[in-house]
Amino acid sequence: MDFQLSDEQIAFKNSVFNFARKEIGLNDEETQKYDEKNEFRWDVWKKIANFGLLGLPLPEKYGGAGADTLTTLVGMEAFAHGAGDQGTSLAWGAHTVLCGVPIMLLGTEAQKERYLPKIATGEWIGGFALTEPNAGSDAAAVQLRAVKKGDKYILNGTKMFITNGPIGKVFVVIASTNKELKHFGITAFLVESDFPGFSVARKLNKMGFRTSPTAELVFEDCEVPAENILGAEGDGFIGVGLTILEWERSCLLAAGVGSLEAAMETCIKYAKQRQQFGRPIAEFQAIQHKLADMKVALEASRLLVYRVGCMKDKGIPAMLEASIAKLYISEVGLKVADDAVQIHGGYGYMKEYPVERGYRDAKIGTLGAGTSEIQRMIISRIILDLKKKSRGGAEHGF
Amino acid sequence: MDFELSDEQKDFQRSFRSFCEKEIAPRAKEVDEKGEFSFENWKGLAKIGFLGLFIPEEYGGSGASLITRAVGFEELSRACAATALSAESSASLCTTPIVEFGTEEQKKKYLPKLARGEFIGAMGLTEPGCGSDLSAIKTRAKKEGNRYILNGNKMLITNGPIADVIVVMAVTDKEADRKGMSFFIVEKGFKGFSAGSPLDKMGTRGSPTSELIFEDCEVPEENLIAEEGKGFLMAMRTLEHARIGMAAWCLGIAQACLDESKKYAQERFAFGKPIGYFQEVNFKIADMKVDTDTARQLIYYAAWLKDQGKPCNVEISIAKLFASEITTKVSSNAVQIHGGYGYMKEYTVERLYRDAKLGEIGEGTSEIQRMIIVRDLLEKY
């Protein structure tokens with residue numbers, strides 16, 4: 001066992017944190033402004049691009065930094081910690097991890113050459129379109145149809161809650177190519193926003209994560225060249241979908257760890273300054289108890305995320321561990337956000353304090369990337385194995 | 001970074017688990033029912049070298065790392081929490097001050113016997129009037145010639161009724177507060193020492209607990225550990241080790257709850273199918289898995305830090321706090337999954353539920369752990 005990040009990883013973590021704190025975190029009023037406007041921050045996006053983070057895990061050959069999984073999620077954690085802008089962290093994550101990474105892992109040479117350099121520079125923004133108006137948790141039930149016609153596929157259907165939808169230039173779109181085959185009849189396509197028949201139906205108005213734009217996407221006889229299949233036909237769920245979900249449940253969660261640390265710091269600072277009954281509220285055990293629990297949550301979350309990163313870097317399947325991390329971090333994140341508002345009292349309910357935004361932001365954790373309920377289904381299925389099917393996964397005591 | 005146990009540690013885990021399942025677990029129910037310490041278990045543990053696992057090789061032990069210690073206590077506790085608690089008190093609480101601070105003579109005299117299980121060890125910190133607030137202890141040690149005379153009472157002492165040797169903290173200088181405390185090695189045959197009768201407990205009933213009474217108890221001066229005034233520091237250092245052990249102890253109970261619940265959910269039918277098919281049941285099991293798995297990472301992390309000689313006070317408290325609190329929660333859900341049967345003595349979870357509660361109290365309550373954690377936070381930020 002070795003729980004130490006390498007010297008390079010520590011240096012990288014510090015530099016990303018310092019960058020994010022200086023450029024974004026120190027000016028929380030600006031983040032508040034964009035949160036209120038429900039708008040993407042193009043200026044910040046350019047800064048992240050210039051700092052070289054958008055292509056972090058992508059190969060150097062295509063303009064990326066060639067970082068391993070652990071380093072990627074350390075970068076995400078440090079950015080979220082420093083910036084305190086969860087929406088922007090998500091925009092980056094959806095772009096790099098949910099679109100760039102699957103192309104890197106499963107794309108053809110031509111696809112990589114076309115998309116990865118533009119993703120690495122941020123010139124093209126990427127997204128991942130799985131959820132539909134009527135298929136969320138039950139991802140295999142997608143209704144968006146793709147029918148082959150000559151050397152093209154014709155896509156018809158709607159995608160819902162798509163992060164980066166309004167600003168994305170390229171999307172990994174999950175479609176059904178053969179309804180009979182269910183899971184095995186699902187195929188992933190790379191769709192560009194200027195393909196005929198693609199449109200952004202509407203930008204959605206959200207409770208939190210408002211600096212990350214979300215949209216409903218409509219495909220009306222949308223024409224996608226056959227060479228834009230990602231992976232193989234029929235491999236869209238088992239191959240592409242699950243690969244992406246495993247990354248999503250670990251890397252994106254790393255931003256949750258960073259956000260948790262930012263919230264904890266904000267609370268400590270406030271608790272030391274705020275005086276009641278003649279002394280700082282940090283001296284009251286009721287406040288201290290909440291702060292201690294935040295620290296416990298932080299350490300536990302970080303270990304769970306890093307473990308998934310290490311397993312992925314070693315090529316060990318981490319479906320179970322990713323679900324554990326996702327479930328724990330998102331649920332404890334809700335509690336931390338709640339306690340953070342509570343520590344701030346009435347001020348915590350006001351827009352000028354970042355914990356108000358944090359409270360709204362936190363709720364997405366238990367919904368996106370597979371709801372808490374889905375994570376519990378995955379975990380209990382692996383453990384209980386009621387159908388006596390072998391599902392793998394390193395288990396303790398089983 | 002690497003989250004995997006080494007091959008050696010995995011081998012140890014595998015073989016020790018199989019020992020515990022064969023030799024320890026079958027007696028767990030009886031040990032609990034009778035409320036009696038199992039000398040048979042003790043002999044078995046001694047025979048395979050578990051009791052000397054943490055004692056350096058030159059004194060008859062095998063000098064294992066703290067990660068290995070955590071692995072071991074989890075497995076033992078999973079089989080029988082009471083036996084694990086007694087083993088922890090002897091092999092960890094009692095030996096740590098001697099290993100880390102004792103003189104060569106003390107080490108030679110006591111460690112080999114503790115390693116072989118010939119001596120059962122204990123530690124005496126808590127008193128009738130003080131537990132969490134250790135600086136308030138009242139047991140006095142006064143030097144008279146080449147002896148110390150101890151007077152006072154220790155309370156809630158694990159292994160109290162059966163211990164051959166006890167490391168005891170007493171006040172040597174009342175004025176010096178925390179710097180006026182010292183540790184002594186007391187043998188059960190010392191004049192003026194006696195152990196009270198076993199206290200009746202909710203759980204861990206096979207691990208005897210009692211009061212210790214010191215009435216002009218005569219302790220030779222060579223049985224002072226290190227020097228006068230180092231007691232508080234030594235207690236803190238020892239508790240760091242002990243908290244890792246306690247966290248692993250809790251985890252063993254939680255893992256046993258998960259194992260039992262899994263089995264029950266697969267076998268018990270309701271409404272025509274195994275209850276494991278119902279989300280009210282399998283979601284609880286998923287939560288147990290998340291909790292135990294997370295606790296395990298925190299424990300290994302804290303143990304690793306300690307093994308590396310890095311600062312780890314806070315991380316140890318985090319591991320202990322987390323592991324103990326999830327264990328009471330997990331054990332409660334385990335009983336719930338078992339329904340009415342879970343309330344019956346014939347089901348293991350009934351015992352586990354009672355055993356679990358100790359985790360939030362022993363080796364520093366949850367409240368004390370949070371104090372340790374937050375004190376550091378407020379200093380750092």
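*Asks:* So what exactly am I meant to see when it comes to the environment of Gly-309 of chain B here?
*Replies:* All names here are of chain B. By the secondary structure assignment, Gly-309 is in the loop between helix 8 (279-307) and helix 9 (313-338). Residue class for Gly-309 comes out exposed when judged on its relative accessible area of 63%. For the pair Gly-309 and Glu-187, spaced 122 residues apart in the sequence, the C-alpha separation amounts to 32 Å.

*Asks:* Can you walk me through a negative patch on the surface in this structure?
*Replies:* Residues and elements named next belong to chain B. A surface patch of negative charge is lined by Glu-57, Glu-58, Glu-104 and Glu-105. Mapped onto the fold, Glu-105 is located in helix 6 (residues 104-116). You can call Glu-105 exposed: its relative accessible area is 58%.

*Asks:* Before we go on, may I ask you to explain the domain arrangement of chain A in this structure?
*Replies:* Where interface size is given, it is often the accessible area lost as the parts come together that is meant. Residues and elements named next belong to chain A. For chain A, the domain assignment lists domain 1 (7-125), domain 2 (127-234) and domain 3 (237-396). Centre-to-centre, using C-alpha coordinates, domain 1 lies 23 Å away from domain 2. In this assembly, 29 residues from domain 1 lie in contact with 25 residues from domain 2. Taking both partners together, domain 1 and domain 2 bury about 2,300 Å²; carbon and sulfur atoms supply 60% of that area. Its largest share of buried area at the contact with domain 2, domain 1 owes to Asn-38, Tyr-115 and Ile-125, together 28% of the area lost on that side. Where domain 1 packs against domain 2, one counts one salt bridge. One salt bridge in this structure joins Glu-192 and Arg-114, with 2.7 Å as the shortest N-O distance. If you look at where domain 1 meets domain 2, you find 15 residue pairs in polar contact (both at pLDDT 80 or more). Elements with a contribution of two residues or more to the side of domain 1 that touches domain 2: helix 2 (28-37), helix 5 (86-106) and helix 6 (109-121). Take the side of domain 1 that touches domain 2: its biggest share by element is 12 residues, from helix 5. When grouped by side-chain class, the residues that make up the side of domain 1 that touches domain 2 number 15 nonpolar, eight polar and six charged.

*Asks:* What exactly am I supposed to notice about a nonpolar patch on the surface here?
*Replies:* All names here are of chain A. On the surface, a nonpolar cluster with roughly 290 Å² of combined accessible area is contributed by Leu-181, Phe-184 and Ile-238. Mapped onto the elements of the fold, Leu-181 is located in the loop between strand 4 (170-176) and strand 5 (186-192). Assessed through its relative accessible area of 44%, Leu-181 is described here as partly exposed.

*Asks:* Mind showing me how you'd approach the environment of Pro-97 of chain B here?
*Replies:* Residues and elements named next belong to chain B. In this structure, Pro-97 sits in helix 5 (residues 81-101). Pro-97 sits 164 residues away from Ser-261 along the chain, and the two C-alpha atoms are 39 Å apart. Those residues in contact with Pro-97 that sit more than four places away from it in its chain are Ser-92, Gly-102, Met-123, Val-167, Ile-225, Met-234 and Thr-238.

*Asks:* What is the right way to look at the packing of aromatic side chains in this model?
*Replies:* Here the structure, examined in full by the defined rule, presents 30 aromatic pairs over all chains. Between Phe-271 of chain B and Phe-278 of chain B, the aromatic rings sit 6.0 Å apart at their centres with planes inclined by 75 degrees, giving edge-to-face as the arrangement. The class of Phe-271 of chain B is exposed, set by a relative accessible area of 79%. Sitting above the plane of the Trp-124 of chain A ring, Lys-169 of chain A keeps its charged end 4.1 Å from the centroid.

*Asks:* Any chance you could explain the pattern of salt bridges here in plain terms?
*Replies:* Oppositely charged side chains can pair when the atoms bearing their charge come close. Counted according to the given criterion, the structure contains 62 salt bridges over all chains. For Lys-152 of chain A, the salt bridge identified is with Glu-223 of chain A, shortest N-O distance 3.2 Å. In this pair, Lys-152 of chain A is assigned in strand 3 (residues 152-163) and Glu-223 of chain A in strand 7 (residues 214-225), connecting sequence segments 71 residues apart. As a salt-bridge pair, Arg-116 of chain B and Glu-118 of chain B come within 2.6 Å of each other at their nearest N and O atoms. Of the residues examined, Arg-116 of chain B reaches a relative accessible area of 46% and is grouped as partly exposed. Salt bridges sharing common partners tie together Lys-13, Glu-77, Glu-261, Lys-295, Glu-299 and Arg-302 of chain A.

*Asks:* How should the pairing of strand 5 (residues 181-187) of chain B be read in this particular structure?
*Replies:* Remark: a regular strand shows side chains that alternate across the two faces of the sheet. Residues and elements named next belong to chain B. Of all seven residues in strand 5, seven are buried, a share of seventy percent or more. Where burial is concerned, the two faces of strand 5 agree: the one with Met-181, Phe-183, Ile-185 and Glu-187 and the one with Ser-182, Phe-184 and Val-186 are both buried. Bridge count between strand 4 (residues 165-171) and strand 5: seven bridges; the pairing is antiparallel. Bridge assignment links Ile-166 to a residue of strand 5, and that residue is Val-186.

*Asks:* Sorry if this is basic, but what is going on with the pairing of strand 7 (residues 209-220) of chain B here?
*Replies:* All names here are of chain B. By the bridge criterion, nine bridges tie strand 3 (residues 147-158) to strand 7 in an arrangement that is antiparallel. Residue pairing across strands places Thr-158 opposite Thr-209, the latter belonging to strand 7. Sheet analysis places strand 6 (residues 193-195) next to strand 7, joined by three bridges and oriented antiparallel. Bridging from a neighbouring strand, Phe-193 pairs with Phe-214 of strand 7.

*Asks:* For this particular structure, what's the right way to read empty space enclosed by the protein?
*Replies:* Over the atoms rolls a probe the size of a water molecule, and its path tells where empty space is left. Residue and element names in this part refer to chain B. Following the criterion strictly, the structure yields one cavity of 30 Å³ or more and no others. If you add up the space inside the largest cavity, you get close to 40 Å³. Lining the largest cavity we find Ala-28, Val-31, Asp-32, Cys-80, Ala-82, Thr-204, Arg-205, Gly-206, Arg-351 and Asp-355. At the level of elements, helix 2 (28-34) and helix 10 (348-356) are the ones that each hand at least two residues to the lining of the largest cavity. Of all the elements, helix 2 adds the most residues to the lining of the largest cavity, at three residues. The class makeup of the residues in the lining of the largest cavity is four nonpolar, two polar and four charged.

*Asks:* Could you clarify how one ought to interpret the layout of surface pockets in this entry?
*Replies:* All names here are of chain B. By volume, the second largest pocket is sized at about 1,400 Å³. In terms of lining residues, the second largest pocket is bounded by 46 residues, among which Leu-239, Arg-243, Glu-363, Gly-364 and Thr-365 are the most central. Of all the secondary structure elements, the ones that give two or more residues to the lining of the second largest pocket are helix 5, strand 3, helix 7 (231-267), helix 9, helix 10 and helix 11 (366-380). The dominant element in the lining of the second largest pocket, judged by the number of residues it contributes, is helix 7, at eight residues.

*Asks:* Explanation requested: the interface of chain A and chain B in the structure shown.
*Replies:* Counting residues at the interface gives 47 residues for chain A, matched by 48 residues for chain B. On the surface where chain A and chain B come into contact, there are five salt bridges. A salt bridge links Asp-287 of chain B to Arg-376 of chain A, with the nearest nitrogen and oxygen atoms 2.6 Å apart. Breaking the side of chain A that touches chain B down by element, the ones donating at least two residues are helix 7 (236-273), helix 8 (285-314), helix 9 (319-344) and helix 11 (372-384) of chain A. Take the side of chain A that touches chain B: its biggest share by element is 16 residues, from helix 8 of chain A.

*Asks:* Would you mind going over unusual backbone geometry with me for this structure?
*Replies:* Keep in mind that most residues, glycine aside, have a negative phi and that most peptide bonds are trans. Despite not being glycine, Phe-277 of chain A has its phi angle at roughly 50 degrees, a positive value. Tracing the backbone through its elements, the reader meets Phe-277 of chain A in the loop between strand 9 (275-276) and strand 10 (279-280). The phi dihedral of Ala-226 of chain B is positive, around 55 degrees, even though this residue is not glycine. Counting through the fold element by element, Ala-226 of chain B comes out in the loop between strand 8 (224-225) and helix 7.

Each value, and the rule that gives it
Residues numbered from 1 in each chain as written. Chains lettered and ligands numbered in written order. Predicted model: local features only at pLDDT ≥ 70, side-chain atom pairs only at ≥ 80, totals over all residues. Heavy atoms only, no water. Helix = DSSP H or I, 4+ residues; strand = E, 2+ residues; numbered from the N terminus. Buried < 20%, exposed > 50% of the residue type's maximum accessible area, 1.4 Å probe, protein only. Patch = residues over 30% accessible without salt bridge, like charges linked within 9 Å, V, L, I, M, F, W, Y side chains within 5 Å. Areas by Shrake-Rupley, 256 points an atom, 1.4 Å probe, with all protein chains shown as cover. Salt bridge = Lys/Arg side-chain N within 4 Å of Asp/Glu carboxyl O. Lys, Arg positive; Asp, Glu negative; His and termini not counted. Charge placed at Lys NZ, Arg CZ, Asp CG, Glu CD. Domains from an automatic or database assignment. Contact = heavy atoms within 4.5 Å. Buried area = accessible area lost by both parts, 1.4 Å probe. Polar contact = N/O pair within 3.5 Å; in protein donor to acceptor, adjacent residues only side chain to side chain. Nonpolar A, V, L, I, M, F, W, Y, C, P; charged D, E, K, R; others polar. Phe/Tyr/Trp six-rings, centres within 6.5 Å; stacked < 30°, edge-to-face > 60°. Lys NZ or Arg CZ within 6 Å of the ring centre and 35° of its normal. Pairing = 2+ DSSP bridges. 1 Å grid on protein atoms, 1.4 Å probe; cavity = no way out; pocket = protein on both sides within 12 Å on 5 of 7 lines; lining within 4 Å. Points joined across faces, edges and corners; volume = space filled by probe spheres on them.

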